[in-house]
Amino acid sequence: MNDSLKIPRKLSKRKYALLTGTLLLTSAGLITRVLGFFYRIFLSRTIGAEGLGIFNLIHPVFGICFALCAGSIQTAISQSVAANVKKGRSVFRSGLIISVAISMILAYLIIQFKDFIASSILMEPRCAPLLTFLAVSVPCAAIHACINGYYYGMQRPSVPALAQIMEQIIRIGAVFLIADIMIQSGITITVQLAVMGHLIGEIASSLFTVFAYRFFPPKMAKDFAYDSSHFSETAPGLLHLAVPLMGNRLVLNILASAEAILIPSRLQMSGLSDSAAFSVYGVLTGMALPFILFPSTVFNSLAVLLLPTVAEAQSEGNEKRIGTAISMSLRYCMYVGILCIGIFTLFGNDLGVSVFKDSSAGQYMTVLAWLCPFLYMATTMGSILNGLGKTSITFTQNVIAMTLRLLFVLFGIPRLGIFAYLVGALASELLLAFMHVLTLKKMVEFVWNAWDMIAKPSALMILAIGIYYAAFSFMDPFGGLPLFIKTALHILILSIFYLVLLFGAHIIKHGED
């Protein structure tokens, strides 16, 4: 028999589920990110950098609503289902009732007070009509978040992955169609188009997950039977998990909202006009950051699946399994993060010009590149801490990191402009990552080898860059291609050099062992 067919048998059922789940969510995330890039490019060229800035300014309102009615309940459902599969269906239904009820109240409040929110909180009256679309999307987000939490807890990530892709495809298709109709009708395209796309995507995702749950619910093993429990029995335990998370996420979203609202006003204090300030904010949040966050697809997927896996391992008292998950996450966070530093520092300017026709986007990328390892570490380590039930510690450390970044916004931007925010973002993620790692080190034994995880991949990245420059020093065979295709091919070649060197070093190490 072919050896490749035996590989899955070498993994335990749980490890295999984690691996396949991560690959599935990563693939879905990669597809949606790629589609999202084209979507961002389209928006940047239709509503402009200022429009992107206004569009991103209303996102904190959605973030606060999602924290209150969906995100925390999704996490609680995932944890509860993973810990007690028999009660999973009852827990899910209770969570769905709570989530949708809260979301309906929030949607009503947003519509009722949209003018006040836009003028007095967001400090931009142009946001008022956009908030109505945002409000309608909140119950839809609550529905698909709860269903996704149920599937994650059952370690069946296929439906959330497909919903992610479906949402993006329908959003982009609908926006392209609406934009085409508006152009043919002579109607001016405004930021309202992007908000309509957001609403359409949320509706599509909720309808798809409801359909999947109705006709393709996650199944338990044959020797298990569902334990039907009433709402009054499951709701208290679910809320016991969700309320602290809800409070934590609410505070974090308020801090993030304060940051988003203050950046344009502080940029104006630095000497920029209102239009220029929103343009700079739009370039940063709508162009540069999506590139930097693109590789985080892998770690966001891993983080989602690590939480129930770690919670299950803790309930079994399997500390070794938790330590292995931490070591694996740290290693690959550093590997990918160091690769991203090399890519964005070398090619950030070319990416900004070729994709968005904006050189400042590339400049922001070269600075933000140094965020990558620490951003990925903070994401995965935070998820593991939450899985271990240390949500209060995660919350406190996130507040400290976000407060540091907010101080850079308040006092740095008026003096140094947007560069102060870039430095603050790097400092806060660095602090957060190390706080998470040090906390886990006190709780669980895991392998941390600075040479193997930092020094070696850094040296190999430098060597890969040297090989790259040596290979292209005499002639560039891609010189006649469009800048974006040329840059993409150069990034691919540099990545191959780095990965081959990394794989070679791994083989040599195991050969010595």
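To start, this report covers the structure provided alongside it. (Residues numbered from 1 in each chain as written. Predicted model: local features only at pLDDT ≥ 70, side-chain atom pairs only at ≥ 80, totals over all residues. Heavy atoms only, no water.)

**So, the overall build of the protein chain**
Each helix and strand counted, the protein chain has 18 helices and zero strands in total. Taking the contacts inside the protein chain whose residues are at least 6 apart along the sequence as the reference set, 83% of them involve residues at least 24 apart. Counting only carbon and sulfur atoms, one obtains 69% of the accessible surface of the protein chain, whose full area is about 23200 Å². (Helix = DSSP H or I, 4+ residues; strand = E, 2+ residues; numbered from the N terminus. Contact = heavy atoms within 4.5 Å. Areas by Shrake-Rupley, 256 points an atom, 1.4 Å probe, with all protein chains shown as cover.)

**Some remarks on the packing of aromatic side chains**
Using the criterion set out here, one finds 14 aromatic pairs in the structure. For the pair F211 and F215, a centre-to-centre distance of 4.8 Å together with 45° between the ring planes defines the contact as tilted. One end of the pair is F211 and the other is F215, both in helix α8 (residues 192-215) and four residues apart, which spans about a single turn. Sitting over the ring of F215, R214 keeps its end group 5.3 Å from the ring centre. (Phe/Tyr/Trp six-rings, centres within 6.5 Å; stacked < 30°, edge-to-face > 60°. Lys NZ or Arg CZ within 6 Å of the ring centre and 35° of its normal.)

**A few points about the environment of A101**
By secondary structure assignment, the location of A101 is in helix α4 (residues 88-112). For the pair A101 and C69, spaced 32 residues apart in the sequence, the C-alpha separation amounts to 8.2 Å.

**Some words on the state of the cysteines**
Taken as a whole, this structure holds zero disulfides when the rule is applied. Of all cysteine sulfurs in the structure, the one in C69 sits closest to C65, which takes part in no disulfide; the separation is 6.5 Å. (Disulfide = S-S within 2.5 Å.)

**A few points about the pattern of salt bridges**
All told, the structure shown has seven salt bridges when counted by the stated rule. A salt bridge links R126 to E124; the nearest nitrogen and oxygen atoms lie 2.8 Å apart. R126 sits in the partly exposed class, given a relative accessible area of 37%. The shortest N-O distance in the salt bridge between R405 and E429 comes to 4.0 Å. Of this pair, R405 sits in helix α15 (residues 391-416) while E429 sits in helix α16 (residues 418-443), and the two are 24 residues apart along the sequence. Taken as a pair, R405 and E429 share a single burial class, namely buried. In the salt-bridge network here, residues are joined through shared partners; they are E50, E124, R126 and D274. (Salt bridge = Lys/Arg side-chain N within 4 Å of Asp/Glu carboxyl O. Buried < 20%, exposed > 50% of the residue type's maximum accessible area, 1.4 Å probe, protein only.)

**Comments concerning unusual backbone geometry**
Of note in the backbone geometry, M123 takes a positive phi value of approximately 60° without being a glycine. Looking at where M123 falls in the secondary structure, it is placed in the loop between α5 (114-121) and α6 (128-153). Exposure remark for M123: the relative accessible area of 45% places this residue in the partly exposed category.

**Some thoughts on a nonpolar patch on the surface**
On the surface, I105, Y108, L109, F113, F116 and I121 cluster together to form a nonpolar patch covering roughly 610 Å² of accessible area. The set of elements that each furnish at least two residues to the nonpolar patch consists of α4 and α5. Examining the composition of the nonpolar patch, we find that three residues originate from one element, α4, more than from any other. Its place among the elements puts L109 in helix α4. (Patch = residues over 30% accessible without salt bridge, like charges linked within 9 Å, V, L, I, M, F, W, Y side chains within 5 Å.)

Honestly, it's all geometry; don't read function into it.
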